[in-house]
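Examination of the molecular architecture
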Amino acid sequence: MKEHIAELIESALKTLVENEVLSPDVQPRIMVENTRDKSHGDFASNVALTLAKPAKRNPRELAQMITEALPESAQLDRTEIAGPGFINFFMNQASTAAVVEQVLTQGAAFGLVEKKSDEKVQVEFVSANPTGPLHVGHGRGAAYGATVSDLLEAAGVNVDREYYVNDAGRQMNILATSVWLRYLEKCGQELIFPCNGYKGAYIHDIAAELHAEHGDKFNRPATEVFADIPDDEPFGGDKEIHIDALIDRANAMLGEADYRIVFDAGLDSILTDIRDDLGEFGVNYQNWFSERSLTSSGDVDRAIETLTEKGFIYKDENDGNLWFRSTDFGDDKDRVVKRANGQTTYFASDIAYHMNKFERGYDKVINIWGADHHGYITRVKAAIQALGYDPERLVVRLVQFAILYRGEERLAMSTRSGSFVTLRELRDEVGSDACRFFYVTRKAEQHMDFDLELAKSESKDNPVYYIQYAHARVCSVMRKLDEAGWTWDKDAGLANLDRLETEHEKDLITKLSKYPDVLKNSGLSHEPHMLANYLKELASDFHTYYNAHKMLIDDAELRNARVTLSEAARQVIANGLQLLGVSAPEHM
RNA sequence: GCGCCCGUAGCUCAACCGGAUAGAGCAACGGCCUUCUAAGCCGUAGGCUGCAGGUUCGAGUCCUGCCGGGCGUGCCA
């Protein structure tokens, strides 16, 4: 519809150019906007304001000339000039009402872009270290990433969702060692658990499973395990040195193969848990990409070689490290990619990972990161550019943390201490639907306070129920219709849409007509909260309408028209909720 | 110190590419169930958009400088 009006204006401007009112070299960007106030019509354009200066005319006068030059349109009722020179467009009722038929004909597909683009986009999100269950901070990234992916798909883009599994590195070794120590306890050993180890209850569970499966196979005397290990922090030592020594000891005493078994027991168990957790949250992936595979496939070495060939890698003779010259691309300092001892850094893996993404043929790669990663953007983009790819093809969206409160008390979240609130606990408390919705109601870059007490005590007031209730109400009307011995005659309803003359009905229809536009903007700008807010407004319009007018009335024409409109509203609510990963119940 | 994000009603947040009188929900107050689900509706009240300048027909939105908050500034992952 906006396009239609833009065409009308364009044609009018052409006429003005022919009449030499406007100079042909003025190339205006024609903007058609939704009006905020319905007294301003359905759509408005500010062309006259923007053209006033180059045309050397006063805006209202110009607006007058433009409206006079507008071609006839079957869909327009009238235009008005208002304020400083806005042109307001009023649609006629028949053309707005046509959206109702469109909704019912297209059903679940209403609002979706029918033509698939050739563009291939990858969205990578969550990617939390598999060292423990997901906590509430990850939940926001999960809900946001999943919804952005679904919205892009709705906009006709081919989307792959990916989870980057950090299954290499020191943290994973700390996890493996933590599992082993708990396992030793299961074997009856007594030991003092390192303060830097993972202390969550899930480590005990993994250790118990390991023991159930392998018996005492990995058992070693605790005295030998801790022999000559430097003191832990509570005993005056350094906790990092202490845990590293224990990792080395675990490797040495178990041998590579058995250490791997313990390591994988932890990794597999946690990864399975994360996968299940996300699955129950309605978040699914096409790929789970292993960091370790980048090393075994040689991609890490190949990435470093490529950068070396291009001259962006140098060796510091003092420390013996290989450095990537990221300062050439605006970074604050150069970054180490390979240590003197031959170990590659996490950053090296990340370079290889992004190289790998582009080699897989993605036109655009969207990374959804926690806000704590923002310092990382520059160096990753630097690496992409150095590899010869356009850094614009990487889009990073930062998601601010959800800060958890229990009443006034701010909850600390630490995976290591095991005192965090998990996503699963949160879902159990407030439900997946409410979580999914709540997480995307705010802009991603906006800080979010999540008060558990409030979420629990006022769960009935959660906006998600408000929207679901509107959906359930329509379903209820349909049931009552049936009980009253009537049937819904859709064709009669569509034929009598002109009977819907009240303001409430017109407002509702207008709201429905905005849905495709909202969907498109929401998806392309990666801002799902726009859709969430729209659904709240749509539900509100419906509730208002429902309370003001009875649908199940004797007048068959009006009854069918109203039920038809309600069905269209239900359909759009269902479509929107579907995209947000929220259910649309028929009963509440 | 430097970099990024944020600052809007008592609280939590909106405001589409700079548009017209800055909007919702919660909390507060007052109404509406004999009637399709009251998890709802209607109404009242609540604002110097952190402060000060600038850009222009027009600024919550863009620019500069302050103030306040968050995060980052590892050869960690």
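This text goes with the structure placed above it.
Residues numbered from 1 in each chain as written. Chains lettered and ligands numbered in written order. Predicted model: local features only at pLDDT ≥ 70, side-chain atom pairs only at ≥ 80, totals over all residues. Heavy atoms only, no water.

So, the pairing of strand β6 (residues 158–165)
The element β6 is extensively covered by neighbouring structure, given that 6 of its 8 residues are classed as buried. Inspection of the sheet shows strand β5 (residues 120–124) paired to β6 by 5 bridges, in the parallel sense. Across the sheet, the residue bridging to Glu-124 is Glu-162, located in β6. Taken together, β5, helix α5 (residues 136–154) and β6 form a β-α-β motif whose crossover is right-handed. (Buried < 20%, exposed > 50% of the residue type's maximum accessible area, 1.4 Å probe, protein only. Helix = DSSP H or I, 4+ residues; strand = E, 2+ residues; numbered from the N terminus. Pairing = 2+ DSSP bridges. Right-handed = clockwise from strand over helix to strand, strands pointing away.)

Topic: the sheet that holds strand β2 (residues 43–45)
Pairing is antiparallel in the open sheet, where 4 strands are placed in the order β1-β2-β4-β3. On the outer flanks of this sheet lie β1 (32–34) and β3 (76–82), each paired with one strand and no other. Taken over all neighbouring pairs, the strand axes of this sheet differ in orientation by 30° on average, direction set aside. Of the pairings in the sheet, the one linking β1 to β2 comprises 3 bridges and is antiparallel in character. (Axes fitted to C-alpha atoms, helices over the stretch in contact; angles between N-to-C directions.)

What to know about helix α17 (residues 463–483)
Between its first and last C-alpha atoms α17 spans 30 Å; for 21 residues at 1.5 Å apiece the expected length is 30 Å, and the two agree. Among the residues making up α17, those that are buried are Val-464, Ile-467, Gln-468, Ala-470, His-471, Ala-472, Arg-473, Val-474, Cys-475, Val-477, Met-478 and Leu-481. The inward-facing, buried residues of α17 abut α15 (432–440), α20 (529–548) and α21 (556–580). Positioned one or two residues after α17, Gly-485 has a phi angle of 85°, which is positive. (Expected span 1.5 Å × (residues − 1). Contact = heavy atoms within 4.5 Å.)

Some details on empty space enclosed by the protein
Within this structure, the stated rule accounts for 2 cavities of 30 Å³ or more. Estimated volume of the largest cavity: approximately 60 Å³. Every residue lining the largest cavity is counted, 13 residues in all, and those nearest its centre are Tyr-144, Arg-442, Lys-443, Ala-444 and Pro-528. Only α5 and α15 provide two or more residues apiece to the lining of the largest cavity. Here the residues of the lining of the largest cavity are counted per class, giving 5 nonpolar, 2 polar and 6 charged. (1 Å grid on protein atoms, 1.4 Å probe; cavity = no way out; pocket = protein on both sides within 12 Å on 5 of 7 lines; lining within 4 Å. Points joined across faces, edges and corners; volume = space filled by probe spheres on them. Nonpolar A, V, L, I, M, F, W, Y, C, P; charged D, E, K, R; others polar.)

So, the protein's contact with RNA strand B
Lining the immediate surroundings of RNA strand B are 63 residues, of which His-374, Arg-442, Tyr-469, Ser-476 and Tyr-546 lie closest. At 2.4 Å from a phosphate oxygen of RNA strand B is found a side-chain nitrogen or oxygen belonging to Tyr-466. Residue Met-551 places a main-chain N or O atom 3.1 Å away from a base nitrogen belonging to RNA strand B. Those elements that place two or more of their residues in the surface near RNA strand B are β1, α2 (47–55), β4 (86–91), α6 (170–186), β15 (448–451), α17 and α20. (Near = heavy atom within 4 Å. Polar contact = N/O pair within 3.5 Å; in protein donor to acceptor, adjacent residues only side chain to side chain.)

Structural notes on unusual backbone geometry
In this structure, Val-126 takes a positive phi of about 65° despite not being glycine. Positionally, Val-126 belongs in the loop between β5 and α5. Not every positive phi belongs to a glycine, and Ser-127 is a case in point at roughly 45°. Under the relative-accessibility criterion, Ser-127 is labelled buried at 12%.

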